[in-house]
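This is what each chain is made of:
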Amino acid sequence: MTEKSLTDLFDERLAEVRQRIAEAAKASGRTEQDITLLAAVKTVEPERINHAISAGITYIGDNRVQELKAKESFLLPGVHKHMIGHLQTNKVKDCIGRVEMIESVGSLHLAEEISRQAVAHGTVMDILAEVNLANETTKTGFSLAELDKALEKTAELPGVRLRGLMAIPPAGLTDAENCRYFSQMYELFIDIKQKNRDNRVVDTLSMGMSDTYESAIRCGATLVRLGTVLFGSRNYNQ
């Protein structure tokens, strides 16, 4: 497949995704403008990312710090960058100044290291608390039982600003099961939003990926992270 056909295919996929986002948003009483479309660019080469940016993508998310660093000098300016993958504490220093938001903060230890590095760099880092609502042992994130206490402790940390919640639902759920999961997340989001604290500007509920984004939007997501549905299957040899 030629590069031209890849870009044409991306344009077709993006148009369809935007239409589906608009329909799902309408079903939840909102518009497409209320939903942030973030392109998940793991393994996607800079040329294709730049085409996506030229086609109107304004938010991208990387899963690995090393890949983020390798791509950054090749990307068009002005795009908003998020870290969406599991982040080790020893990699936090490389995220500060490179991304606008770290979505995958699933432990107080990680939040404390982000605080330390942000203060050292004289900045404030926007974060999302990752929630492991199903208590999956293979995933990181705060359990429902520990979430409130962890967020209260996070509220005391300098250099971080809680913007909301992020979640990855268990694999293999039906649409109805996904909706129940996403609805629970939305209830948590609203509850946290109503608890005013100095370092909170709670406006982001990041949930929904390529196979679940429509359900997530209908249940209240404000940001969806889409990779395969835009770029096709991952090429892990990249």
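Right above here is the structure, for reference.
All residue numbers here refer to positions counted from 1 along the written sequence of the relevant chain. Local features are withheld for residues below a pLDDT of 70 in this predicted model, meaning they are given only at 70 or higher, and side-chain atom pairs are given and counted only at 80 or more; totals for whole chains, interfaces and linings count all residues. Based on all heavy atoms of the structure, the side-chain values leave hydrogens and waters out of the count.

Novice: Please set out the overall build of the protein chain residue by residue, giving values where relevant.
Specialist: Each helix corresponds to a stretch of at least 4 residues labelled H or I by DSSP, and each strand to a stretch of at least 2 residues labelled E; elements are numbered beginning at the N terminus. A count of helical and extended segments in the protein chain gives 9 helices and 8 strands. Its C-alpha radius of gyration of 17 Å places the protein chain within 12% of the 18 Å reference for a compact globule of 238 residues. Reported as C-alpha extents along the three principal axes, the dimensions of the protein chain are approximately 50 × 40 × 30 Å. Residues counted as buried form 50% of the 238 residues belonging to the protein chain. For the accessible areas, the method is Shrake-Rupley and the probe is 1.4 Å, while residue cover comes only from the protein chains on display. About 11500 Å² of surface is accessible on the protein chain, with carbon and sulfur atoms providing 48% of the total. Computed over 29 positive and 33 negative side-chain charges, the separation of the two mean positions in the protein chain equals 2 Å. Two things to know: the radius of gyration comes from C-alpha atoms, and the globule rule equals 2.2 Å times the number of residues to the power 0.38. Remark: exposure states derive from per-residue accessible area (1.4 Å probe, protein chains only) relative to the maximum for the residue type, with buried under 20%, exposed over 50%, and partly exposed in between. We count Lys and Arg on the positive side and Asp and Glu on the negative side, and we leave His and both chain ends out. Just so you know, the charge point we use is NZ for Lys, CZ for Arg, CG for Asp and CD for Glu.

Novice: Explain the pairing of strand 6 (residues 160-167) to me, and be specific about the residues and the numbers.
Specialist: Of all 8 residues that make up strand 6, 7 are buried, and the element is covered over most of its length. Where strand 5 (residues 125-131) and strand 6 come together, 7 bridges link them in parallel fashion. Bridging from a neighbouring strand, valine 131 pairs with alanine 167 of strand 6. Whether a crossover is right-handed depends on one test, that the path from the first strand over the helix to the second runs clockwise when the strands point away from the viewer. Crossover strand 5 to strand 6 through helix 6 (residues 144-154) is right-handed. Any two strands are treated as partners once DSSP identifies two or more bridges connecting them. Pairing of strand 6 with strand 7 (residues 200-207), which is carried by 5 bridges, proceeds in the parallel orientation. The residue of strand 7 that forms the bridge with glycine 164 is threonine 204.

Novice: Mind laying out the environment of leucine 165, listing which residues take part and the relevant values?
Specialist: Secondary-structure assignment places leucine 165 in strand 6. With a relative accessible area of 1%, leucine 165 lands in the buried category. In this structure the C-alpha to C-alpha distance between leucine 165 and phenylalanine 189, which are 24 residues apart in sequence, comes to 6.5 Å. By definition in these notes, contact holds between two residues if any of their heavy atoms fall within 4.5 Å. Discounting chain neighbours no more than four positions away, the residues touching leucine 165 are Leu128, Ala129, Val131, Met185, Leu188, Phe189, Ile192, Thr204, Leu205 and Ser206.

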